[in-house]
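Observations on the model geometry
One letter stands for each residue in the lines below.
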Amino acid sequence: MLQIQNIKKQYKTGYLIQQALDNVSLSFRDSEFVSILGPSGSGKTTLLNIIGGLDQYDSGELMINGISTKKYRDKDWDSYRNHTVGFVFQSYNLIPHQSILANVELALTISGISRRERRQRAEQVLTQVGLGDQLHKRPNQMSGGQMQRVAIARALVNNPSILLADEPTGALDTATSLQIMELLREVSKERLVVMVTHNSELAERYSTRIVKLQDGRITDDSAPYTPEVGELPTPKYQSMGRV
Ligand code: ADP
Ligand code: MG
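Two strands pair when backbone bridges link them, and strand E1 (residues 2-13) and strand E2 (residues 16-28) are joined in this way by ten bridges, in the antiparallel orientation. By the bridge assignment, Ile 4 is partnered in E2 with Leu 26. Hairpin remark: E1 followed by E2, antiparallel, with two residues in the connecting loop; positive phi at Gly 14, about 65°. The pairing of E1 with strand E4 (residues 59-64) spans five bridges and is antiparallel. Looking at E4, one finds that Gln 5 is bridged to Glu 61.

Laid out in structure tokens, this is it:
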């Protein structure tokens, strides 16, 4: 379970101080499709990056499976980023001169598995996103929607329990955007998907929960979640990541 409490984050550039997040608290269910909606500059990317361990916050608390990340050391953050979360970006960020199979295989951070199994896992997840017959293409031989599917496969190959997507359809036409949203909805059936978007139509049509941000503050949450104390995991379930 993922929770943030009273998160604040400022950016200082020269004399300019920007309050990117101002006292944001949110608890996420283990399986739901959350859209973070808000105008440009409202703090959406900052929030996603903090949740994903890509950026540090100034104050507040990020709890993962009931454990405060204040106690996290570098290796814990590495493990969290590598095994518990997967990222999808608007610009795909694929390696251009490698096949899509290689792109996905290279993202496998689970150690101690054979070459053959690595290939099998990559093939399996590419098939899952509908690209099983295109494994040997390079990204520049594909459409934007297909490249985003590869990026989603890459994010899923380590079987993370959380998928974070920053404007995943921002560069796609409407029809292709709908296909990507269908795929994300499918993914969210057994994990937490948090998607940042400024497209309210897509958010309303596909997600199970919409959180609105404005000037670094939450202005609306369509399905707030308050975990019961009894729902917190017992120590034997507190392992990080999922293999
Ligand atoms: P959004 O994703 O909603 O467009 P961001 O989270 O990217 O918003 O940005 C929130 C605010 O923080 C904006 O005012 C932005 O200019 C500022 N900001 C974001 N990243 C940085 C940075 N690395 N350095 C300075 N200011 C930043
Ligand atoms: Mg952004």
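Among the secondary structure elements, Ser 25 is positioned in strand E2. Under the relative-accessibility criterion, Ser 25 is labelled partly exposed at 36%. Spatially, the C-alpha atom of Ser 25 lies 9.2 Å from that of Arg 217, the residues being 192 residues apart in sequence. There is a polar contact of 2.8 Å between the side chain of Ser 25 and the backbone nitrogen of Asn 6.

Non-glycine residue Tyr 92 carries a positive phi angle of around 65°. With respect to the secondary-structure elements, Tyr 92 resides in the loop between strand E6 (85-89) and helix H3 (100-106). On the accessibility criterion, Tyr 92 (12% relative accessible area) is buried. Here Glu 167, not a glycine, exhibits a phi torsion of approximately 50°, which is positive. Positionally, Glu 167 belongs in the loop between strand E7 (162-166) and helix H6 (174-187).

One pass over the full model with this rule turns up three aromatic pairs. Ring plane angle 70° and centroid distance 6.1 Å describe the contact between Trp 77 and Tyr 80, whose orientation is recorded as edge-to-face. Of the two residues, Trp 77 and Tyr 80 both sit in helix H2 (residues 74-84), three residues apart, roughly one turn of that helix. Tyr 80 matches Trp 77 in its accessibility class, with the two residues each being buried. Measuring from centroid to centroid gives 6.0 Å for Phe 87 and Phe 89, while their planes differ by 5°, and the two rings are stacked. When its relative accessible area of 27% is taken as the criterion, Phe 89 is described as partly exposed. A connected cluster of aromatic rings, assembled from ring pairs, spans Tyr 72, Trp 77 and Tyr 80.

Let us look at the sheet that holds strand E3 (residues 32-37). Across the sheet, which stays open at both edges, the six strands sit in the order E6-E7-E8-E3-E9-E10 with mixed pairing between neighbours. For this open sheet the edge positions go to E6 and strand E10 (217-221), each flanked by a neighbour on one side alone. The average undirected angle you get between the axes of adjacent strands in this sheet is 20°. Pairing of E6 with E7 involves five bridges; the strand directions are parallel. Looking at the pairing, Phe 87 lines up with Leu 164 of E7. Along the sheet, H2 makes contact with E6 and E7, crossing E6 at roughly 65°. Helix H5 (residues 144-156) contacts E6 and E7 of the sheet and is inclined by roughly 165° relative to E6.

Calculation rules
- Residues numbered from 1 in each chain as written.
- Chains lettered and ligands numbered in written order.
- Predicted model: local features only at pLDDT ≥ 70, side-chain atom pairs only at ≥ 80, totals over all residues.
- Heavy atoms only, no water.
- Pairing = 2+ DSSP bridges.
- Helix = DSSP H or I, 4+ residues; strand = E, 2+ residues; numbered from the N terminus.
- Buried < 20%, exposed > 50% of the residue type's maximum accessible area, 1.4 Å probe, protein only.
- Polar contact = N/O pair within 3.5 Å; in protein donor to acceptor, adjacent residues only side chain to side chain.
- Phe/Tyr/Trp six-rings, centres within 6.5 Å; stacked < 30°, edge-to-face > 60°.
- Axes fitted to C-alpha atoms, helices over the stretch in contact; angles between N-to-C directions.
- Contact = heavy atoms within 4.5 Å.

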